[in-house]
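Survey of secondary and tertiary structure
Each chain, written out:
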Amino acid sequence: MVDLVLRNCAVDGEPELIDIAVDKGMIVNRGPSVPYPCRQAIDLKGRLLIPGFIEPHLHLDIALMNEHDRPGRPAPFQSVLELNDILERRRKDFTRQDIEQRAGRALEMASRHGVTAVRAQCHVDTEVGLKHVEALQAVKEKYAGRVSLQIVGFPQQGLLRDPCTPDLFREAFKCGVDVMGCVANTDLTPEGRINVAGHIDMAFKLAMEHDVDLDTHVDLTIPRSIGFDDFEAVYLAKKTLEVGYQGRVTAGHLCSLGSAEPDVAQRVIELLNEARISVISQPDMYRLARQDDVHVRRGLTRVKELLDGGVNVTLASNNVRDVLRPVGNFNLLEEALILSYGAHMDSIDQLDTLMRMATYGGAKAIGLEDYGLQPGCKADMVVLDAPTLSAAIVGQVEKNYVFKGGCLMAASHTITERFNKASHNLR
């Protein structure tokens with residue numbers, strides 16, 4: 001007898017409805033009319049079953065810091081640099097308890113929206129020390145049965161400004177950091193230029209010392225034009241190939257790619273594909289190019305061209321209700337709809353691709369094993385009140401059920417009301 005059988009599931013790639021059997025937290029069989037006795041059975045009646053949404057890039061330690069009764073910015077948008085200055089000032093007042101409470105609430109919200117794994121950016125620098133790491137490590141342990149959490153050491157103040165920073169990161173890995181972070185534009189050369197090579201080299205050194213993946217912020221600006229060798233991502237890809245880190249590096253943002261001439265962009269995409277770097281598209285439209293008053297530029301990378309070039313592309317929330325982005329719901333279905341507008345992806349196939357980006361693409365980017373809906377995969381699953389992937393995005397449908405390791409984490413109000421009514425009728 002198995003723990004759970006989901007019957008009459010609509011599954012991407014299956015021409016007919018199928019059943020999926022789950023036991024001890026794992027998918028053990030799938031197909032038409034799975035012949036297992038079970039402790040619990042749920043008839044999905046043709047609803048869509050997908051593996052859990054993956055949030056591959058979330059600044060969890062600062063999430064929800066702008067929460068108040070009137071959502072939005074308390075003051076009009078300022079420049080990105082000014083917003084960073086506000087963040088620098090406010091984070092000094094964070095306590096470990098405050099970070100834990102906000103991060104825990106964020107994971108609960110994400111879980112209700114079907115997110116089963118998160119890669120979380122976490123500030124590490126000589127000003128805040130390991131306070132953020134210790135807080136997120138406690139949250140990681142508390143919510144382990146609900147959301148799988150990877151902690152990224154995020155070098156908000158660079159890696160080279162303070163000679164003590166590399167050793168602080170080494171301590172951070174002992175305290176629970178899982179992934180090395182990288183923000184290529186945060187260090188300067190003695191001449192005052194951005195020290196992309198020095199920063200990326202140090203990030204690789206620390207990642208390789210601890211045999212962990214490297215998660216990078218690169219090319220966050222959208223210049224009027226940009227040459228091939230000016231891309232931070234080009235140096236990143238060449239370094240990845242040089243040290244043999246293919247498949248272990250992610251590149252977040254990559255907004256500058258949209259400013260390159262098509263032939264230059266194609267060369268960058270080919271290099272990223274060769275280095276097997278996953279690209280994470282984030283909702284940068286809301287904060288970049290605010291000063292443009294004619295031919296207003298976009299803050300997105302070239303999603304369709306990257307996909308066509310064989311690059312693994314996923315999508316992320318990045319910032320949620322903090323100084324840098326005062327909106328967001330930890331809802332990858334919502335972020336996929338936003339990206340469909342921004343990236344001009346509106347055909348059925350393209351909408352289907354966005355859903356795969358938010359699931360399988362994210363899982364590949366953060367190196368999840370045993371992910372999916374095949375036998376042998378972990379039973380991290382979401383039931384959506386739609387028959388197809390594209391219908392789920394367009395309709396922004398309910399998440400009827402969310403399972404983590406085969407255990408029910410959340411159910412929609414509609415489903416709960418139906419269940420309660422059925423139970424009442426039986427009494």
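Residues numbered from 1 in each chain as written. Predicted model: local features only at pLDDT ≥ 70, side-chain atom pairs only at ≥ 80, totals over all residues. Heavy atoms only, no water.

**Notes on the packing of aromatic side chains**
Counting across every chain of the model gives three aromatic pairs. Summarising the aromatic geometry, the rings of Tyr401 and Phe403 are spaced 6.0 Å apart at their centres and angled 25 degrees between planes, so their arrangement reads as stacked. Note on Tyr401: relative accessible area 13%, which makes it buried. Since its relative accessible area comes to 2%, Phe403 is described here as buried. Sitting above the plane of the Phe77 ring, Arg290 keeps its charged end 4.0 Å from the centroid. We note Arg325 situated over the ring of Tyr286; from NZ or CZ to the ring centre the distance is 5.8 Å. (Phe/Tyr/Trp six-rings, centres within 6.5 Å; stacked < 30°, edge-to-face > 60°. Buried < 20%, exposed > 50% of the residue type's maximum accessible area, 1.4 Å probe, protein only. Lys NZ or Arg CZ within 6 Å of the ring centre and 35° of its normal.)

**A short note on the sheet that holds strand β7 (residues 115-123)**
Adjacent strands of a sheet form backbone hydrogen bonds with each other and so pair up, either parallel or antiparallel. Spatial ordering of the open sheet is given by β6-β7-β8-β9-β10-β11-β12-β13, a layout of eight strands whose pairing is parallel. Since the sheet does not close on itself, it has two edges, and those belong to β6 (53-58) and β13 (313-315), each with one partner. Taking the axes of each pair of neighbouring strands and ignoring which way they run, one obtains an average angle of 25 degrees across the sheet. In this structure, strand β8 (residues 148-154) lies alongside strand β9 (residues 179-183), joined through two bridges in parallel fashion. Looking at β9, one finds that Gly153 is bridged to Met180. Strand contacts of helix α10 (residues 348-365): β6, β7, β11 (249-253), β12 (278-281) and β13, with the helix running at about 105 degrees to β13, the strand carrying the most contacts. (Pairing = 2+ DSSP bridges. Helix = DSSP H or I, 4+ residues; strand = E, 2+ residues; numbered from the N terminus. Axes fitted to C-alpha atoms, helices over the stretch in contact; angles between N-to-C directions. Contact = heavy atoms within 4.5 Å.)

**Thoughts on the packing of helix α9 (residues 332-342) against α10**
At their nearest, the axes of α9 and α10 sit 10 Å apart, and the two run at 135 degrees to each other. As judged from the angle between their axes, α9 and α10 are oblique. Like other packed secondary-structure pairs, α9 and α10 cross with a definite hand, here right-handed. Between α9 and α10, the contacting residues are Leu332, Leu333, Ala336, Leu339 and Ser340 on the first element and Leu351, Leu354, Met355, Met357 and Ala358 on the second. (Parallel < 35°, antiparallel > 145°, perpendicular 65-115°, else oblique. Left-handed = near helix turned anticlockwise from the far one by under 90°.)

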